[in-house]
Amino acid sequence: MEWFQAIILGLIQGLTEFLPVSSSGHLVIARDVLGLDAPENLTFEITVHTATVLSTIVVFRKEIWTLLKGFFSFKSQFRSRAINDQTDYLLKIAVSMIPVFIVGVFFKDVVTDAFGSIRSVAFCLLITAILLVISDFTASKANKFREHRGGIGYLQAFIVGLGQAFAVLPGLSRSGTTISVGLLSGVKKENVAQFSFLMVLIPVLGEAFLDILDGGLSSGSIGAAPLLLGFISAFASGLFACKVMIAFVKKARLSWFALYCAILSCLLLIFAC
């Protein structure tokens, strides 16, 4: 992998990880366009995914610190005989991780082998577009649902987790799917983006750690310089995209991203399949 390829791919990963357009799908497309080998792609994906996770931690550093302080306040929770808001929120994040844990342990290889083609990416991008449009039309009805502690209930957290599990398919946007499913289940727009971004931290870091244990970083021929450049570009663009997406979900319509996904899907089906 050349240094300019690493920068381009890092920018793509950082921007598309948080925008509802599928980072995995764009990386599959970029891999084919640039003619990169699968081992190199795996090594690079581990690196840039870790970079975007770190950018999430930076953006939500205050919220994460508050959650951790509340979670480790064992004495006050024991005395009150009730869990606090922070522990309740973290338990909901844990519930949301159950579906993706099952998929990651039992079905990851099957999904990767069966859905790594450009054609499958095109169809999944179309599904992403449909989800974004539907959630846009139903988001205004979220105020009619019951208000839950922390802005989200346990059942809603599990449903959002199901969306994340299906989003392992390249082309099916993780952020787009989880935010759309959250809105459809009644989570308000001001709450769904934060939960969507925080819930992915442990699964992505855990996947990267397991890939490292399996020799993922040593299986490719990519050098240290491209990895570093890819990491920096993914981290910087991830910071930008995460902040933009939070503001966008609260104020704007997701249909604009749906239009982009639909157009890209059609182009892929016409010219690349």
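None of these values were measured; they are calculated from a predicted model.

Give me the lowdown on the overall build of the protein chain, citing residues and values where you can.
Check the secondary structure of the protein chain and you find 14 helices and zero strands. Each helix and strand of the protein chain, ordered N terminal to C terminal, gives the series α-α-α-α-α-α-α-α-α-α-α-α-α-α. Taken over 273 residues, the protein chain has a buried fraction of 47%. Counting contacts in the protein chain only where the partners sit at least 6 residues apart, residues at least 24 apart contribute 82% of the total.

Hey, could you go over the environment of D85 for me, with residue numbers and the actual values?
By secondary structure assignment, the location of D85 is in helix 6 (residues 85-106). Once the C-alpha coordinates of D85 and R149 are considered, the two residues, 64 residues apart in sequence, prove to be 7.4 Å apart.

Report on unusual backbone geometry, specifying residues and quantitative values.
Of note in this structure, S22 is not a glycine but carries a positive phi near 75°. Checked against the element boundaries, S22 lands in the loop between helix 1 (3-18) and helix 2 (23-34).

Explain the pattern of salt bridges residue by residue, including any values.
Applying the stated criterion to the full structure yields three salt bridges. We note a salt bridge from D85 to R149, for which the minimum N-O separation is 2.7 Å. With D85 in helix 6 and R149 in the loop between helix 8 (118-138) and helix 9 (154-166), this residue pair connects regions lying 64 residues apart in the sequence. A residue is classified by how much of its surface remains accessible, and D85, at 49% relative accessible area, is partly exposed. Residue R149 is classed as partly exposed on the basis of its relative accessible area of 35%. In this structure, the salt-bridge partner of K92 is D88, at a minimum N-O distance of 2.8 Å. Pair noted here: K92 and D88 are both in helix 6, with a separation of four residues, about one helical turn.

Can you lay out the nonpolar core for me, pointing to particular residues and giving the numbers?
Ranked by size, the top nonpolar core spans 44 residues in total, and within it F60, F195, F197, L198, M245, L254 and L268 carry the most contacts. For this core, the element with the most residues is helix 8, which contributes six residues. Excluding anything up to four places from it in sequence, F195 contacts Y89, K92, I93, S96, I152, A157 and V160. Formed by ten residues, the second largest nonpolar core is a distinct cluster that contains L9, V48, A51 and A234.

Summarise helix 13 (residues 224-251); cite the residues concerned and give the values.
Across its 28 residues, helix 13 extends 41 Å between first and last C-alpha, which sits within 8% of the 40 Å expected from 1.5 Å per residue. Of all the residues in helix 13, the buried ones are P226, L227, G230, S233, A234, S237, G238, A241, C242, M245, I246 and V249.

Explain a nonpolar patch on the surface to me, and be specific about the residues and the numbers.
Together, I98, F101, I102, V105, F106, F107, F158, L162 and F166 line one region of the surface with nonpolar side chains, adding up to about 890 Å² of accessible area. Mapped onto the nonpolar patch, the elements with two or more residues apiece are helix 6 and helix 9. Checked against the element boundaries, L162 lands in helix 9. By relative accessible area, L162 is classed as partly exposed at 34%.

Tell me what's going on with helix 10 (residues 174-184), and back it up with residues and numbers.
Most of helix 10 sits out of view: ten of its eleven residues are buried. Buried within helix 10 we find R174, S175, G176, T177, T178, I179, S180, V181, G182 and L183. Considering only its buried residues, helix 10 is in contact with helix 1, helix 8, helix 9, helix 11 (189-198) and helix 13. The positive-phi residue at the C-terminal boundary of helix 10 is G186, with phi of around 105°.

Explain the confidence of the model for the protein chain to me, using residue names and the numbers behind them.
Mean pLDDT over the protein chain works out to 81, with 84% of the residues at or above the 70 mark. Ranking the elements of the protein chain by mean pLDDT puts helix 7 (residues 108-114) last with 64 and helix 9 first with 92.

I'd like a description of the environment of L19, backed by residues and values.
Within the secondary structure layout, L19 lies in the loop between helix 1 and helix 2. For L19, a relative accessible area of 19% gives the class buried. Distance in space between the C-alpha atoms of L19 and S175 is 6.7 Å, their sequence separation being 156 residues.

Conventions used here
- Residues take numbers from 1 onward in each chain, read along the sequence in its written order.
- Selection of residues for local features in this predicted model requires a pLDDT of at least 70, selection of side-chain atom pairs for listing and counting requires 80 or more, and totals for whole chains, interfaces and linings are taken over all residues.
- The side-chain numbers reported here are obtained from all heavy atoms of the structure, hydrogens and water having been left aside.
- Going along the chain from the N terminus, every DSSP run of H or I of four or more residues is numbered as a helix, and every run of E of two or more is numbered as a strand.
- For the exposure calls, accessible area comes from a 1.4 Å probe over protein chains only, and a residue counts as buried if that area is under 20% of its type's maximum, exposed if over 50%, partly exposed in between.
- It only takes one pair of heavy atoms within 4.5 Å for two residues to be counted as in contact.
- Any Lys or Arg side-chain nitrogen located within 4 Å of an Asp or Glu carboxyl oxygen qualifies as a salt bridge.
- We define a nonpolar core as any set of buried Ala, Val, Leu, Ile, Met, Phe, Trp, Tyr and Cys residues linked to one another through side-chain atoms lying within 4.5 Å.
- Working rule for helices: expected span equals 1.5 Å times residues minus one.
- The residues that make up patches have over 30% relative accessible area and no salt bridge, and they are joined within 9 Å when like-charged or within 5 Å when they are Val, Leu, Ile, Met, Phe, Trp or Tyr.
- For the accessible areas, the method is Shrake-Rupley and the probe is 1.4 Å, while residue cover comes only from the protein chains on display.
- Scored from 0 to 100, pLDDT reflects the predictor's confidence in each residue.

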